[in-house]
Amino acid sequence: EVQLVESGGGLVQAGGSLRLSCAASGFTFDDFTIGWFRQAPGKEREGVSCIDSYGGSTYYADSVKGRFTISRDNAENTVYLQMNSLKPEETGVYYCTASTVFDGNIMVVDYQDYWGKGTLVTVSS
């Protein structure tokens, strides 16, 4: 069974940091771009960041550039998202995804092959 299991979410004050982890199994991890989407209640799901299969190229949404860093450890089948200087509007469920597509300019929901169940991030003011 394909699994993407997120962890590391929780409650943090505005300006604080969290590191999310995505542990993958059931597929060839290093053949896939791994990414993060987020969704607040009542809002559109948006792509946050992704990293290509070998870790050579990354994408970041404009809103998180300079504050978030994505990385992957293919030996451990794990991707991380370091989130710094968090803002209250970044509260939401963060989903890990796997895709055969890498595009340095956009993340497309329909191009994601696998989705995790999400981890909740709450940023308080």
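Reading the values: the criteria
- Residues numbered from 1 in each chain as written.
- Predicted model: local features only at pLDDT ≥ 70, side-chain atom pairs only at ≥ 80, totals over all residues.
- Heavy atoms only, no water.
- 1 Å grid on protein atoms, 1.4 Å probe; cavity = no way out; pocket = protein on both sides within 12 Å on 5 of 7 lines; lining within 4 Å.
- Points joined across faces, edges and corners; volume = space filled by probe spheres on them.
- Core = buried A, V, L, I, M, F, W, Y, C linked by side-chain atoms within 4.5 Å.
- Buried < 20%, exposed > 50% of the residue type's maximum accessible area, 1.4 Å probe, protein only.
- Helix = DSSP H or I, 4+ residues; strand = E, 2+ residues; numbered from the N terminus.
- Contact = heavy atoms within 4.5 Å.
- Polar contact = N/O pair within 3.5 Å; in protein donor to acceptor, adjacent residues only side chain to side chain.
- Pairing = 2+ DSSP bridges.

This paragraph deals with the layout of surface pockets. Taken as a whole, the largest pocket encloses approximately 160 Å³ of empty space. Taken together, Arg 38, Gln 39, Ala 40, Lys 43, Glu 44, Glu 46, Ser 63, Arg 67, Lys 87, Glu 89, Glu 90 and Thr 91 make up the lining of the largest pocket.

Further remarks concern the nonpolar core. Counting residues in hydrophobic clusters, the biggest one holds 31 residues, and the most contacted among them are Phe 27, Ile 34, Trp 36, Phe 68, Val 79, Leu 81 and Met 83. Of all the elements, strand S3 (residues 18-25) adds the most residues to this core, at four residues. When residues no more than four places from it in sequence are discounted, the contact partners of Ile 34 are Phe 27, Phe 29, Cys 50, Ile 51, Ile 70, Arg 72, Val 79, Cys 96, Thr 97 and Ala 98.

In this section: the side chain of Thr 119. Residue placement: Thr 119 occurs in strand S11 (residues 119-124). Judged by relative accessible area, which is 11%, Thr 119 ranks as buried. There is a polar contact of 3.3 Å between the side chain of Thr 119 and the backbone nitrogen of Gly 9.

Only one face of S11 is buried: it carries Thr 119, Val 121 and Val 123, and the other face, with Leu 120, Thr 122 and Ser 124, is open. The pairing of strand S2 (residues 10-13) with S11 spans four bridges and is parallel. Across the sheet, residue Gln 13 finds its bridge partner in S11, namely Ser 124. Of the strand pairs in this sheet, strand S9 (residues 92-99) and S11 are connected by three bridges, and their pairing is antiparallel. Following the sheet pairing, Val 93 is matched in S11 by Leu 120.

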